[in-house]
Amino acid sequence: GFTFRNGKADSASGGAIYLAGSSPTIRDCVFEANESPSGSGGAIAIDGARPVILACVFRDNVADQGGGGAIAANATTST
């Protein structure tokens, strides 16, 4: 139940959260006005991870270069 607001990834991806190789459960969170001007995933960038994201709200998140205003996923695994 956290609010992530005004996060900014200056030279990487994931304005609020960057997940690499970890697979948390993210529940009941608000992601608002986060940005990734040079990467992807305005709110969340996922790289080789398997998170579970439930009942979250995404508002006004931006990724200028790599796409995924709310969430961008790269090389995720599934079973």
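A few points on the structure.

Parameters and conventions
Residues numbered from 1 in each chain as written. Predicted model: local features only at pLDDT ≥ 70, side-chain atom pairs only at ≥ 80, totals over all residues. Heavy atoms only, no water. Helix = DSSP H or I, 4+ residues; strand = E, 2+ residues; numbered from the N terminus. Rg over C-alpha atoms; globule rule 2.2 N^0.38 Å. Contact = heavy atoms within 4.5 Å. Areas by Shrake-Rupley, 256 points an atom, 1.4 Å probe, with all protein chains shown as cover. Lys, Arg positive; Asp, Glu negative; His and termini not counted. Charge placed at Lys NZ, Arg CZ, Asp CG, Glu CD. Phe/Tyr/Trp six-rings, centres within 6.5 Å; stacked < 30°, edge-to-face > 60°. Buried < 20%, exposed > 50% of the residue type's maximum accessible area, 1.4 Å probe, protein only. Core = buried A, V, L, I, M, F, W, Y, C linked by side-chain atoms within 4.5 Å. Pairing = 2+ DSSP bridges. Axes fitted to C-alpha atoms, helices over the stretch in contact; angles between N-to-C directions.

**Some points on the overall build of the chain**
Next, step 1: Across its full length, the chain holds 0 helices and 10 strands.
Next, step 2: Taken from N to C terminus, the helices and strands of the chain fall in the order β-β-β-β-β-β-β-β-β-β.
Next, step 3: Relative to the 2.2 N^0.38 estimate, which gives 12 Å for 79 residues, the radius of gyration of the chain is 11 Å and therefore close to what a compact globule would have.
Next, step 4: In the chain, of all internal contacts separated by at least 6 residues, the share reaching a separation of at least 24 is 79%.
Next, step 5: In the form shown here, the chain has an accessible surface area of approximately 4,400 Å², with 45% of it arising from carbon and sulfur atoms.
Next, step 6: A gap of 8 Å separates the mean positions of the 5 positive and 7 negative side-chain charges of the chain.

**Examining the packing of aromatic side chains**
Next, step 1: Summed over the entire model, instances satisfying the criterion amount to 3 aromatic pairs.
Next, step 2: Look at Phe31 and Phe58: their rings are 4.9 Å apart centre to centre, the planes differ by 5 degrees, and that puts the pair in the stacked class. Of this pair, Phe31 sits in strand β4 (residues 30-32) while Phe58 sits in strand β8 (residues 57-59), placing them 27 residues apart in sequence.
Next, step 3: For Phe31, a relative accessible area of 0% gives the class buried.

**As for the nonpolar core**
Next, step 1: By size, the foremost hydrophobic cluster in this structure holds 10 residues: Ile17, Leu19, Ile26, Cys29, Phe31, Ala43, Ile44, Ile46, Ala49 and Cys56.
Next, step 2: Those elements giving two or more residues to this core turn out to be β2 (17-20) and β6 (44-47).

**A word on the side chain of Ser40**
Next, step 1: Tracing the chain through its elements places Ser40 in the loop between β5 (35-36) and β6.
Next, step 2: Setting aside residues no more than four positions away along its own chain, Ser40 makes contact with Ser13, Gly14, Ala45, Ala63, Gly66, Gly67 and Ala72.

**Focus: the sheet that holds β4**
Next, step 1: Pairing is parallel in the open sheet, where 3 strands are placed in the order β1-β4-β8. Bordering the open sheet on either side are β1 (3-5) and β8, each of which pairs with just one other strand. Each adjacent strand pair in this sheet contributes to an overall mean axis angle of 5 degrees, direction not counted.
Next, step 2: Examined bridge by bridge, β1 and β4 share 3 bridges and lie parallel to one another. Along β4, the bridge assignment pairs Arg5 with Glu32.

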